[in-house]
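Single-letter residue listing:
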Amino acid sequence: MATEHPSEVAPVDEWVEVEGLQLHYLSAGSGGTPVLLLHGGVVDAASLSWGATIGPLAGDRRVVALDMAGYGNSARPDVSYSTAFHVDVVAAVVERLGFDAVDVVGVSLGGGVGLGYALREPDRVRKLALVDSYGLGSELPNGAGTFALSRVPRLNQLSLSVLKRNRWLAKQSLRGIVADVGTLSAPVIDEYYRLLQHPQAGKAYRRWRRHEVRRSGFRTDYSHRLDDVAAPTLFVHGADDPVFPASWSRNAAASVPDARLEVLSNCGHWPPREHTKTFNELLAEFLDE
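A few points on the structure. Note that the structure is predicted; figures quoted are calculated from it, not measured.

### Here we look at the sheet that holds strand S3 (residues 35-38)
Sheets are built from strands paired through backbone hydrogen bonds, the pairs being either parallel or antiparallel.
Phase 1: The strand order across the open sheet formed by eight strands is S1-S2-S4-S3-S5-S6-S9-S10, and the pairing between neighbours is mixed. Lying at the two open borders of the sheet, with one neighbouring strand each, are strand S1 (12-18) and strand S10 (259-264). Direction aside, neighbouring strands of the sheet carry axes that sit 20° apart on average.
Phase 2: Strand direction decides the pairing type here: strand S9 (residues 233-238) and S10, joined by six bridges, are parallel. Across the sheet, residue Thr233 finds its bridge partner in S10, namely Ala259.
Phase 3: In the packing of helix H4 (residues 109-120) onto the sheet, the strands contacted are S3, strand S5 (102-107) and strand S6 (125-131), and the crossing angle to S5 comes to about 145°.

### A closer look at the nonpolar core
Phase 1: Leu23, Leu38, Leu66, Val90, Leu115, Tyr117 and Leu128 are the most contacted members of the largest nonpolar core, which totals 51 residues.
Phase 2: For Val90, the contacting residues outside a window of four places in its chain are Leu36, Leu38, Leu66, Val113 and Tyr117.
Phase 3: Counting 24 residues, the second largest nonpolar core, distinct from the first, contains Val35, Trp50, Leu264 and Phe279.

### Topic: the packing of aromatic side chains
Phase 1: According to the stated counting rule, one finds nine aromatic pairs in the structure shown.
Phase 2: Considering the side-chain rings of Tyr205 and Trp208, the 6.1 Å spacing of their centres and the 25° angle between planes classify their relative orientation as stacked. Here Tyr205 and its partner Trp208 are both found in helix H9 (residues 203-212), three residues apart, which amounts to about one turn of the helix. The residues Tyr205 and Trp208 share a single accessibility class, namely buried.
Phase 3: Residues Phe244 and Trp248 carry aromatic rings whose centres are separated by 5.0 Å and whose planes lie at 15° to one another, so their mutual orientation is stacked. Exposure class is identical for Phe244 and Trp248. Each is buried.
Phase 4: Through pairs of rings, three or more aromatic residues link up here, namely Tyr134, Tyr205, Trp208, Phe218, Phe244 and Trp248.

### Quick look at the pairing of strand S2 (residues 21-28)
Phase 1: Here S2 lies mainly inside the structure; seven of its eight residues are buried.
Phase 2: Examined bridge by bridge, S1 and S2 share seven bridges and lie antiparallel to one another. Opposite Val18, over in S2, you have Leu21 as the bridge partner.
Phase 3: Adjacent in sequence and paired antiparallel, S1 and S2 are bridged by two residues, among which Glu19 carries a positive phi angle near 50°.
Phase 4: In this sheet, strand S4 (residues 63-66) lies alongside S2 in antiparallel orientation, the contact comprising four bridges. Residue pairing in the sheet places Ala28 in a bridge with Val63 of S4.

### Some points on H9
Phase 1: Taking burial as the measure, the 10 residues of H9 include seven buried ones, the bulk of the element.
Phase 2: What H9 keeps buried is the set Lys203, Ala204, Tyr205, Arg206, Trp208, Arg209 and Glu212.

### Considerations on the environment of Ala230
Phase 1: By secondary structure assignment, the location of Ala230 is in the loop between strand S8 (217-218) and S9.
Phase 2: The exposure class assigned to Ala230 is exposed, which follows from its relative accessible area of 55%.
Phase 3: For the pair Ala230 and Pro199, spaced 31 residues apart in sequence, the C-alpha separation works out to 40 Å.

### Here we look at empty space enclosed by the protein
Phase 1: This structure, assessed with the given rule, holds two cavities of 30 Å³ or more.
Phase 2: Its boundaries defined by the atoms lining it, the largest cavity holds a volume of some 60 Å³.
Phase 3: Taken together, 13 residues line the largest cavity, and the ones lying closest to its centre are Val43, Asp44, Tyr71, Gly72 and Arg76.
Phase 4: It is H9 that contributes the most residues to the lining of the largest cavity, three residues altogether.
Phase 5: Looking at the lining of the largest cavity residue by residue, the class counts come to seven nonpolar, three polar and three charged.
Phase 6: As a volume, the second largest cavity reaches approximately 40 Å³.
Phase 7: Contributing to the lining of the second largest cavity are 12 residues, with His24, Ala45, Ser47, Asp67 and Asn73 lying nearest its centre.

Cut-off values and rules
- Residues numbered from 1 in each chain as written.
- Predicted model: local features only at pLDDT ≥ 70, side-chain atom pairs only at ≥ 80, totals over all residues.
- Heavy atoms only, no water.
- Pairing = 2+ DSSP bridges.
- Helix = DSSP H or I, 4+ residues; strand = E, 2+ residues; numbered from the N terminus.
- Axes fitted to C-alpha atoms, helices over the stretch in contact; angles between N-to-C directions.
- Contact = heavy atoms within 4.5 Å.
- Core = buried A, V, L, I, M, F, W, Y, C linked by side-chain atoms within 4.5 Å.
- Buried < 20%, exposed > 50% of the residue type's maximum accessible area, 1.4 Å probe, protein only.
- Phe/Tyr/Trp six-rings, centres within 6.5 Å; stacked < 30°, edge-to-face > 60°.
- 1 Å grid on protein atoms, 1.4 Å probe; cavity = no way out; pocket = protein on both sides within 12 Å on 5 of 7 lines; lining within 4 Å.
- Points joined across faces, edges and corners; volume = space filled by probe spheres on them.
- Nonpolar A, V, L, I, M, F, W, Y, C, P; charged D, E, K, R; others polar.

Here it is as structure tokens:
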């Protein structure tokens, strides 16, 4: 898998089997505490959210960007894909790879999974970075509308079937998560469009959404447990995030014992791709502290 900048450390494709599942990950670099990168939901993968972050981070450390179960090139079992399921799988991956300690970085759904893992295995997480993270609140972004959509998976299937036929439409669909779609590079759009072509694109997200979205709000909400987070934690959030409000990260940063907050202006739900250079610098500085 080539990076977007030739001078960076190029990741290689690797595989690990846990709980009977073949999981794919991108690996680069060596030394230091390994960094585990966890992507988001809907149609995402390690290569999409982290394609421009792996190389810069891998100069002096081991980086592992996992395709979570149901995404990218990993197995897509017939399960609920609950947040708890993903936490279990991530725990098994860390164990299988032999990491005594990891730095965990997660965006959106991956943030919720990373936070869940950090609460479950506090002695294994050295540092934690949560980017526009799920799991920091329960309120639904569009109230009853979000709940209704979670109960009609066919609409998501139909939408993705349209997007996979037209790259321009696929790009425009990202307006729903970013502040300015024009900030996204051509390789990002190409990778998103490629992932849309998978015959089971969106399956894991639809299953996750059905499990996690209740009429009363999101099922997984760690906000009442944040004072138990042992690792130094970096919260990064786009000021204009239309998916999860920036107030989630602001409130969380006030609750975690050792926390730092960065709210990026003119940024939506995808800082690693909307403000790549700034994000990479913030993350590298935090991990090096």
